[in-house]
Amino acid sequence: MKFRSMAAALAATVALPATLAQATDLEVTHWWTSGGEAAAVAEFADAFNATGHKWVDGAIAGGGSTARPIMISRITGGDPMGATQFNHGRQAEELVEAGMMRDLTEIAEAENWAEIINPPSLLESCTLDGRIYCVPVNIHSWQWLWLSNKAFADAGVDVPTNWDEFVAAAPALEAAGKIPLAMGQQAWQTAGAFDVLMVTLAGPEIFKKVYDDKDAETAGGPEIARVFQAADDARKMAAESKVQDWNQATNMVITGEAGGQIMGDWAQGEFQVAGQVAGEDYTCLPGLGVNEIISTDGDAFYFPVVDDEEITAAQGDLASVMVAPETQVAFNLKKGSLPIRGDVDLSAANDCMRKGLEILASGNTIVSVNQLLDPDTNTQKEDLFVEFFNDPSITPEEAQERFVSLIENAG
Ligand code: BGC
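Residues numbered from 1 in each chain as written. Predicted model: local features only at pLDDT ≥ 70, side-chain atom pairs only at ≥ 80, totals over all residues. Heavy atoms only, no water.

Student: Teacher, can you tell me more about the packing of aromatic side chains here?
Tutor: What the rule picks out here adds up to 25 aromatic pairs. A centroid spacing of 5.4 Å and a plane angle of 45° characterise the contact between W32 and F331, whose relative ring orientation is tilted. Of the two residues, W32 is situated in the loop between β1 (25–30) and α2 (35–49) and F331 in helix α17 (residues 325–335); the sequence distance between them amounts to 299 residues. For F331, a relative accessible area of 0% gives the class buried. With 6.2 Å between their ring centres and 85° between their planes, F44 and F301 make a pair best called edge-to-face. With F44 in helix α2 and F301 in strand β12 (residues 299–302), this pair connects stretches of sequence that are 257 residues apart. One exposure class covers both F44 and F301, and it is buried. (Phe/Tyr/Trp six-rings, centres within 6.5 Å; stacked < 30°, edge-to-face > 60°. Helix = DSSP H or I, 4+ residues; strand = E, 2+ residues; numbered from the N terminus. Buried < 20%, exposed > 50% of the residue type's maximum accessible area, 1.4 Å probe, protein only.)

Put into structure tokens, the structure is as follows:
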């Protein structure tokens, strides 16, 4: 063997995991199509390709609500991908129950996921009857207000430190020709913003009573009435924000066209791609500056059962790669999310990510709404809030009544 081919063979052996019998193409579906998301998912693809397999990218545009029905119908219709994203929680529950998702318990045990993955709720939401069916890849939290320092400077007011100050600054922003609140019109965004207002303004106890205990009396009570009033402020502040996608709304904050956006920490990826610096160009207020709490939302990968040994082996290799410390750091730094393991080096984290890490360490967390409500109830909730945000003739009181009946019937 010539030196060059020997070196190549050696390099290949080093890169390949012991289990790699065959290099395999694996189609991976997800809804990560914004600039920041694409940069992050490329880290997964590179890490997987380094094992000798090939990541075949199956990005689906339009956000999770568009992507998930497509993913589900491919799996139930007999055309499964090799791996697919879902959010932590109950989105894939029926597929798992129907035996369509691969059992990863052996890999999880061999790699000690139960010890490594933190908080434990992440792996619990992958578990059914003691068996593990998904790999959590990050912790995303929804409860953030992203503010444009430029917009407030242009309007001649201080950058707000909490939700009330933000609402109070709206007239000054408007006078300066700005849209106070940037908000995409898709249903998941308006429903998500309402949930953020609920947990931050009414507090986590009320939030749990409504979504975990499905307590309709609390849903109809004064604390939730106050949240609907805040949602009414939000829709007025967002009335001129005509964009659809969340990242278009983030872009309005990046350019200073809008004052702020309530959005999950995946927005960080967009600020990074735009070269903006937390604290200088933009400000992030976890818990809207009112109640510093984060949810353990996020993404998990599931691997449909397929009758093909090579694909099955490649699925296992991808699961391992996603949990590996180096991949966790590279992916999450770009994604704006927190890693699923505490034993990794995050010295490169920016100010906002550091705040998130501190809140996670303090234990001031709530589980994601996706874990508490079934997909049907979530869809009904999305329908209600997209209507409320787009139709000013629906009063906060009427919307709250509809919300109460939704909670009464929630699954
Ligand atoms: C996912 C994030 C994603 C966001 C916007 C959320 O459901 O958890 O990973 O960035 O949707 O696409």
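On we go.
Student: Explain helix α13 (residues 222–237) here, please?
Tutor: Owing to its 3.6 residues per turn, the α-helix brings residues three or four apart onto one side. For α13, which comprises 16 residues, the first-to-last C-alpha distance of 23 Å matches the rise-based estimate of 22 Å (1.5 Å per residue) to within 8%. Within the span of α13, buried status applies to I224, V227, F228, A230, A231, D232, A234, R235 and M237. (Expected span 1.5 Å × (residues − 1).)

Student: Honestly, the state of the cysteines in this entry has me stumped. Any pointers?
Tutor: When the sulfur atoms of two cysteines share a covalent bond, that bond is a disulfide. Overall, the coordinates contain 2 disulfides when judged by the stated rule. For C126, the disulfide goes to C134, at an S-S distance of 2.0 Å. Around the S-S axis, the bridge from C126 to C134 shows a dihedral of about -90° and counts as left-handed. Take C126 and C134: they sit in the same class, and that class is buried. Two residues, C284 and C352, share a disulfide whose sulfurs are 2.2 Å apart. Between C284 and C352, the S-S dihedral sits near -110°, and the bridge is therefore left-handed. Of this pair, C284 sits in strand β10 (residues 282–286) while C352 sits in helix α18 (residues 351–362), and the two are 68 residues apart along the sequence. (Disulfide = S-S within 2.5 Å.)

Student: Just checking my understanding: could you explain the pattern of salt bridges for this structure?
Tutor: Opposite charge on two side chains allows them to pair when their charged atoms are near. Going through the model one piece at a time under the given rule, you end up with 13 salt bridges. As a salt-bridge pair, D343 and R341 come within 2.8 Å of each other at their nearest N and O atoms. A relative accessible area of 10% means that R341 is categorised as buried. Through salt bridges with shared partners, one network takes in E27, R74 and D79. (Salt bridge = Lys/Arg side-chain N within 4 Å of Asp/Glu carboxyl O.)

Student: Would you mind going over the domain arrangement of the chain with me for this structure?
Tutor: Where the parts come together, the accessible area they lose is often given as the size of the interface. Partitioning the chain into domains gives domain 1 (6–140 + 297–352) and domain 2 (144–295 + 366–408). Listed per partner, the contact involves 25 residues of domain 1 and 27 residues of domain 2. Summing both sides of the interface, domain 1 and domain 2 together bury roughly 2,100 Å²; the carbon and sulfur share of this comes to 48%. Per-residue buried area on domain 1 facing domain 2 is highest for R90, D297 and C352; these three make up 31% of the total on that side. At the junction of domain 1 with domain 2, the criterion picks out 0 salt bridges. Our enumeration of links across domain 1 and domain 2 arrives at 10 residue pairs in polar contact (both at pLDDT 80 or more). Elements represented by at least two residues in the side of domain 1 that touches domain 2 include exactly α2, α17 and α18. Across the side of domain 1 that touches domain 2, the residue classes tally to 4 nonpolar, 15 polar and 6 charged. (Domains from an automatic or database assignment. Contact = heavy atoms within 4.5 Å. Buried area = accessible area lost by both parts, 1.4 Å probe. Polar contact = N/O pair within 3.5 Å; in protein donor to acceptor, adjacent residues only side chain to side chain. Nonpolar A, V, L, I, M, F, W, Y, C, P; charged D, E, K, R; others polar.)

Student: When you look at the site of the ligand in this model, what are you seeing that I'm missing?
Tutor: Every residue near the ligand is listed here: W31, W32, E37, N87, H140, W246, W266, D299 and K335. One of the side-chain nitrogen or oxygen atoms of E37 is found 2.5 Å away from an oxygen atom of the ligand. Bound to the protein, the ligand loses 93% of the 310 Å² it would expose on its own. By residue class, the composition of the shell around the ligand is 4 nonpolar, 2 polar and 3 charged. (Near = heavy atom within 4 Å. Areas by Shrake-Rupley, 256 points an atom, 1.4 Å probe, with all protein chains shown as cover.)

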